[in-house]
Amino acid sequence: MSELVYPPVILAAKTVFRALDLRLRVEGSHHVPRTGGAVLASNHVSYLDFIFCGYGAHESRRLVRFMAKDAVFRHKVSGPLMRGMKHIPVNRAAGAGSYASAVAALRRGEVVGVFPEATISRSFTVKELKNGAARMAQEAAVPLLPVALWGTQRLWTKGRPRTLTRRHTPITILVGEPIDPAAYPDGNALTAELRTRLTALVDRAQREYPDQPAGPDDSWWQPAHLGGTAPTPERAAELDRPARRTATS
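Please read all numbers here as calculations on a predicted model, not as lab measurements. (Residues numbered from 1 in each chain as written. Predicted model: local features only at pLDDT ≥ 70, side-chain atom pairs only at ≥ 80, totals over all residues. Heavy atoms only, no water.)

Colleague: Break down the overall build of the chain for me, with residues and values.
Modeller: On a plain count of helices and strands, the chain comes out with eight helices and seven strands. In terms of C-alpha radius of gyration, the chain reaches 18 Å, essentially the compact-globule figure of 18 Å for 249 residues. Projected onto its principal axes, the C-alpha positions of the chain cover 50 × 50 × 40 Å. When each of the 249 residues of the chain is scored for burial, the buried share is 46%. Taking the intrachain contacts of the chain between residues at least 6 apart in sequence as the baseline, contacts between residues at least 24 apart amount to 73%. Both charge centroids of the chain, one from 34 positive and one from 22 negative side chains, sit 8 Å from each other. (Helix = DSSP H or I, 4+ residues; strand = E, 2+ residues; numbered from the N terminus. Rg over C-alpha atoms; globule rule 2.2 N^0.38 Å. Buried < 20%, exposed > 50% of the residue type's maximum accessible area, 1.4 Å probe, protein only. Contact = heavy atoms within 4.5 Å. Lys, Arg positive; Asp, Glu negative; His and termini not counted. Charge placed at Lys NZ, Arg CZ, Asp CG, Glu CD.)

Colleague: Got a sec to walk through the side chain of Thr157? Specific residues and values, please.
Modeller: Along the chain, the position of Thr157 falls in the loop between strand 6 (144–150) and strand 7 (170–175). Judged by its relative accessible area of 2%, Thr157 is buried. Here the side chain of Thr157 touches Val45 through a polar contact of 2.6 Å, landing on its backbone oxygen. Beyond its immediate chain neighbours, meaning those up to four positions away, Thr157 contacts Val45, Ser46, Tyr47, Ile120, Phe124 and Trp220. (Polar contact = N/O pair within 3.5 Å; in protein donor to acceptor, adjacent residues only side chain to side chain.)

Colleague: Provide a residue-level description of the pattern of salt bridges, including the pertinent values.
Modeller: Opposite charge on two side chains permits them to pair, given that their charged atoms come into close proximity. In this structure the tally under the stated criterion is 18 salt bridges. For Asp240, the salt bridge is made with Lys127, and the minimal N-O distance between the two is 3.8 Å. Residue Asp240 is located in helix 8 (residues 233–240), and its partner Lys127 is located in the loop between strand 5 (111–114) and helix 6 (132–140); the two are separated by 113 residues in the primary sequence. Using a relative accessible area of 29% as the deciding quantity, one classes Asp240 as partly exposed. Between Arg195 and Glu128 there is a salt bridge; the shortest N-O distance is 3.7 Å. Taken together, the residues Arg195 in helix 7 (residues 187–207) and Glu128 in the loop between strand 5 and helix 6 connect sequence positions 67 residues apart. Among the charged side chains, a network of salt bridges with common partners joins Glu3, Arg65, Lys86 and Glu110. (Salt bridge = Lys/Arg side-chain N within 4 Å of Asp/Glu carboxyl O.)

Colleague: Pulling in residues and values, what's your account of the packing of aromatic side chains?
Modeller: A complete count under the given rule lists seven aromatic pairs for this structure. On the numbers, 6.3 Å between centres and 75 degrees between planes, the contact of Phe50 with Phe66 is edge-to-face. A residue pair is termed long-range when its members are at least 10 positions apart, and Phe50 in helix 2 (residues 49–55) and Phe66 in strand 3 (residues 64–69) qualify at 16 residues. On the accessibility criterion, Phe50 (34% relative accessible area) is partly exposed. Here the aromatic residues Phe17, Phe52 and Tyr55 are joined through ring pairs into a cluster of three or more. Sitting above the plane of the Trp220 ring, Arg160 keeps its charged end 4.2 Å from the centroid. Lying over the aromatic face of Trp156, Arg162 brings its terminal NZ or CZ to 5.0 Å of the ring centre. (Phe/Tyr/Trp six-rings, centres within 6.5 Å; stacked < 30°, edge-to-face > 60°. Lys NZ or Arg CZ within 6 Å of the ring centre and 35° of its normal.)

Colleague: Got a sec to walk through the nonpolar core? Specific residues and values, please.
Modeller: Among the nonpolar cores identified, the biggest contains 38 residues, and Val39, Met67, Val112, Met136 and Leu144 are the most heavily contacted of them. Every element with two or more residues in this core is listed here: strand 2 (38–42), strand 4 (88–90), helix 5 (95–107), strand 5, helix 6, strand 6 and helix 7. With six residues, helix 7 is the single largest residue contributor to this core. When residues no more than four places from it in sequence are discounted, the contact partners of Val112 are Ala38, Val39, Leu40, Val64, Arg65, Met67, Ile88, Ala102, Ala105, Leu106 and Met136. One finds Phe17, Phe52, Ala57 and Phe115 within the second-largest nonpolar core, a separate group that totals 24 residues. (Core = buried A, V, L, I, M, F, W, Y, C linked by side-chain atoms within 4.5 Å.)

Below you can see the structure in the form of structure tokens.
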């Protein structure tokens with residue numbers, strides 16, 4: 001397939017990385033296969049995660065087709081870019097079609113990127129995972145790779161102002177070893193294994209991260225179990241629940 005949009009977007013992103021002097025640490029990118037289909041399943045802490053998850057496949061010269069909510073494809077600016085990069089729209093009211101499109105892409109030999117937590121984790125820990133990533137890897141018979149991202153939340157995350165011009169920010173990208181879906185009896189077992197490996201990678205990324213909060217006011221980006229002031233997983237789950245309507249609303 002001809003690629004007229006994706007390469008210039010990657011070039012622009014790399015230019016921004018250099019301008020902001022982002023301190024990128026990428027490990028395990030050799031795990032991304034140079035040919036054939038694969039599913040990259042990443043944790044989700046920032047609105048920019050797709051950029052950095054995709055960068056994890058750069059060494060293997062693969063273009064990652066991300067699954068993203070269809071509203072992004074309808075936007076007048078992002079829509080043409082998303083379609084041009086051949087990403088996969090997700091209509092949550094009709095998820096079967098999106099799933100089928102992803103499986104078809106995998107069978108064509110594409111790398112598909114998925115955020116199995118579905119939404120950004122406010123606690124910056126790995127939430128319960130949806131099993132779609134595991135099921136599509138099994139159905140297409142392609143490897144499933146966990147990807148841990150850390151530091152991206154300091155640029156733009158849920159409930160915090162954007163700091164897209166923040167300079168010298170360390171960003172960690174860890175690509176884990178491929179998981180063979182044939183070794184697991186069903187999607188739930190494979191999802192459980194994915195969560196175990198993803199949690200271990202995220203924990204490593206957090207503990208090896210070179211920066212620490214500058215003070216109490218800067219500890220929001222650290223998870224509670226590491227002494228930060230991010231919501232606990234329990235509190236984050238409460239914040240994510242839709243507000244209940246009152247009897248008069």
